[in-house]
Amino acid sequence: MSVERRGPLSEGKAKILYSTDRNDFIVQHFKDDATGFNGLKKGQILGKGPINNSISAWVFQYLEKHGIPTHFVEKTAEREMLIKRVKIIPVEVVVRNLAAGSICKRLGIEKKHRFEPPFVEFFLKSDELGDPLISERHIFYFKWATPEQLKEMESKALRVNKLLTQVFDQVGLTLVDFKLEFGTDNDGNILLADEFTGDGCRLWDKETGEPLDKDRFRHDLGRVEESYQEVYQRLKRHFEGN
Ligand code: UDP
């Protein structure tokens, strides 16, 4: 599709959004910048931008093929993809297969506890407030999403979990947990938006249990770039066969 990139619309912690000559499409640019603990820790992971762009493109194309509508249109450059313009629903949906991160701290759950069935939590998308945990009551009272939208987001997130748990398993990785964002298009359809990358999920090597995601950056575990590369290479072989 021939769409021309125009000026920046907004810049986030890891991405920049640009307008285009078509009102219904925007360009999503992936930076190497990385943050942890809601922006308290800042740095760069060299080469992360192109890796995250490729991984998000593969994952979103795969999900589309399996019945999950997404905002993804096509990859347009090493660090850029064309996406459909959506209105982001300010509710982050987290799906957990194994306990890690905030739920362990918050509720004293033992790390690696297996959630059967997978557990879903909602967080308010707000950098200023540090993305607090919210309940359905908050979501409906403040009209962040309707009950129908929330139900659809939850069932889509659980379907994404089933599909991607299998994909990651096939490349020797355990999908521990992940965060999704959804948006609505002009017709009110709910599309999976934002990204799916090692910045927004936990991936543990199946053999060694080693984290290969942003936790390496968050907790100064070393081999950060190498771990992003490792996940990229495994998925590249899986999706492109080389
Ligand atoms: N996550 C994210 N963005 C956020 C918060 C969480 O992408 O603002 C992802 C995180 O990478 C993990 C999952 O959501 O894969 C669950 O995160 P958790 O609630 O455990 O918070 P954390 O320990 O990462 O602060």
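Conventions used here
Residues numbered from 1 in each chain as written. Predicted model: local features only at pLDDT ≥ 70, side-chain atom pairs only at ≥ 80, totals over all residues. Heavy atoms only, no water. Pairing = 2+ DSSP bridges. Helix = DSSP H or I, 4+ residues; strand = E, 2+ residues; numbered from the N terminus. Axes fitted to C-alpha atoms, helices over the stretch in contact; angles between N-to-C directions. Contact = heavy atoms within 4.5 Å. Near = heavy atom within 4 Å. Polar contact = N/O pair within 3.5 Å; in protein donor to acceptor, adjacent residues only side chain to side chain. Areas by Shrake-Rupley, 256 points an atom, 1.4 Å probe, with all protein chains shown as cover. Nonpolar A, V, L, I, M, F, W, Y, C, P; charged D, E, K, R; others polar. Buried < 20%, exposed > 50% of the residue type's maximum accessible area, 1.4 Å probe, protein only. 1 Å grid on protein atoms, 1.4 Å probe; cavity = no way out; pocket = protein on both sides within 12 Å on 5 of 7 lines; lining within 4 Å. Points joined across faces, edges and corners; volume = space filled by probe spheres on them. Disulfide = S-S within 2.5 Å. Expected span 1.5 Å × (residues − 1).

Caption draft 1: Structural detail: the sheet that holds strand β3 (residues 25-30). With antiparallel pairing, the five strands of this open sheet are ordered in space as β1-β2-β3-β7-β6. With one partner strand each, in any of the chains shown, β1 (5-11) and β6 (72-77) form the two edges of the open sheet. Ignoring which end each strand starts from, the neighbouring axes of this sheet average 30° apart. By the bridge criterion, five bridges tie strand β2 (residues 15-20) to β3 in an arrangement that is antiparallel. Within β3, the residue paired with Ile16 across the bridge is His29. Contacts from helix α1 (residues 48-65) reach β3, β6 and β7 (80-84), with the element oriented near 150° to β6.

Caption draft 2: Expanded view of the site of the ligand. The full set close to the ligand counts 16 residues, and Arg96, Ser102, Asp131, Asp177 and Arg202 are the nearest of them. Within the side chain of Asp177, a nitrogen or oxygen atom sits 2.6 Å from an oxygen atom of the ligand. Arg202 places a polar side-chain atom, nitrogen or oxygen, 2.9 Å from an oxygen atom of the ligand. Relative to its unbound accessible area of 500 Å², the ligand is 81% covered by the protein chains. Of all the elements in the fold, those that place two or more residues in the shell around the ligand are β9 (91-98), β12 (173-184) and β14 (201-205). The residue inventory of the shell around the ligand, partitioned by class, reads five nonpolar, three polar and eight charged.

Caption draft 3: Up close: the pairing of β14. By the criterion of burial, β14 is predominantly enclosed, with five of the five residues buried. Here five bridges tie β12 to β14, and the two strands are oriented antiparallel to one another. Opposite Phe178, over in β14, you have Cys201 as the bridge partner.

Caption draft 4: Inspection of empty space enclosed by the protein at higher detail. Tallied over the full model, the rule gives one cavity of 30 Å³ or more. Estimates place the volume of the largest cavity at around 30 Å³. Together, Ile51, Ile55, Gly198, Leu203, Leu212, Asp213, Ser227, Tyr228 and Val231 line the largest cavity. Those elements that provide at least two residues to the lining of the largest cavity are α1 and α6 (224-240). Of the residues belonging to the lining of the largest cavity, the class tally is six nonpolar, two polar and one charged.

Caption draft 5: Representation of the state of the cysteines. As enumerated under the stated definition, the model contains zero disulfides in all. You can see Cys104 has no disulfide; the closest cysteine sulfur is in Cys201, sitting 16 Å from it. Accessibility expressed as a relative area gives 16% for Cys104, which makes it buried.

Caption draft 6: Main features of α1. For α1, which comprises 18 residues, the first-to-last C-alpha distance of 25 Å matches the rise-based estimate of 26 Å (1.5 Å per residue) to within 8%. Buried residues dominate α1, accounting for 15 of its 18 residues. Of the residues flanking the end of α1, it is Gly67, one or two places downstream, whose phi is positive at about 90°.

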